[in-house]
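Working through the structure, step by step
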Amino acid sequence: MYLFLDTETGGLDPKETDLLSVGCIKVREDFTRIDRLSINVAPDSGIYRVNPQALQINGIDLAHRLDVHPYNNASSVLWEWLDSLEFSSLEKYTIAGWNVNFDIGFLKAQLFANQDAVWNSLFQFQVYDVQSVVQYATSVGILAKNLQGRGMHTVAQALGFPIDKHEPHDVLRDTEATLFIANTVYQQAAFFKNRKEG
């Protein structure tokens, strides 16, 4: 089972800036959706460490966010959602996303700090980085070469996912876009394989 995710953050370094929101979609191996979750989060102190340029890019207005969960509560909400009925105790999620190690860094540092046992009980060691998959798919002709090195929004839009680049970032919409890209590559690769074998 996959956990597609995206985060919005107050900067690039989880040691210096804070995680602001998390979007997740539980997905089966065939890319069918099971459930989704979006959660706004804040440091337990209520004091944000943010880079103003990051907020300008993601369009988050910290003063007007609703349903914000402190990190301690947010990690419990996320854990309970992940550890639901669809989830076998013998199965772990493979985390998937665009440049997904960036998101994992913030999650482990801020929502799951000092909770390695919980993290390891939920997630596989390996990850599915959709950005790397797109790089490979463009290099072997599964996707158009002009998508090589492009950002997630550009790739998603080129493949047919509706994105308004002028809207503020939304973690759930961006997670949906990443899942759409992964599913498109999966379908194109199957078509590519069948064409070569036929």
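Each chain carries its own residue numbering, running from 1 in the direction its sequence is written. For this predicted model, a pLDDT threshold of at least 70 governs which residues receive local features, and a threshold of 80 or more governs which side-chain atom pairs are given and counted, while totals over whole chains, interfaces and linings are taken from all residues. In computing side-chain values, all of the structure's heavy atoms are included and hydrogens and water are not.

It is worth spelling out the pairing of strand E3 (residues 33-42) at this point. Looking along a regular strand, one sees the side chains alternate between the two faces of the sheet. Between any two strands, at least two bridges found by DSSP are needed for them to pair. Think of it this way: any DSSP run of H or I at least four residues long counts as a helix, any run of E at least two long counts as a strand, and we number them from the N terminus. One ladder, built from 7 bridges, connects strand E2 (residues 19-27) with E3; its direction is antiparallel. Along E3, the bridge assignment pairs glycine 23 with serine 38. Hairpin remark: E2 followed by E3, antiparallel, with 5 residues in the connecting loop; positive phi at phenylalanine 31, about 70°. Bridge count for E3 against strand E4 (residues 68-70) is 3 bridges, and the pairing is parallel. Note that in E4 the partner of alanine 42 across the bridge is proline 70. Call a crossover right-handed when, viewed with both strands pointing away from you, the route from the first strand across the helix to the second goes clockwise. A crossover connection joins E3 to the parallel E4 through helix H1 (residues 52-58); in handedness this β-α-β unit is right-handed.

Moving on to the pairing of strand E1 (residues 2-9). Exposure is judged per residue with a 1.4 Å probe applied to protein chains only, and the accessible area is read against the type maximum: over 50% gives exposed, under 20% gives buried, and values in between give partly exposed. Most of E1 is tucked away, with 8 of its 8 residues classed as buried. Burial of the side chains of E1 extends over both faces: Tyr2, Phe4, Asp6 and Glu8 are buried on one face and Leu3, Leu5, Thr7 and Thr9 on the other. Summarising the sheet, E1 and E2 pair through 8 bridges and their orientation is antiparallel. Residue pairing in the sheet places leucine 3 in a bridge with lysine 26 of E2. When E1 meets strand E5 (residues 94-97), the two strands line up parallel, connected through 3 bridges. Note on E5: the bridge partner recorded for phenylalanine 4 is alanine 96.

Distances and angles like these do not, on their own, reveal function.
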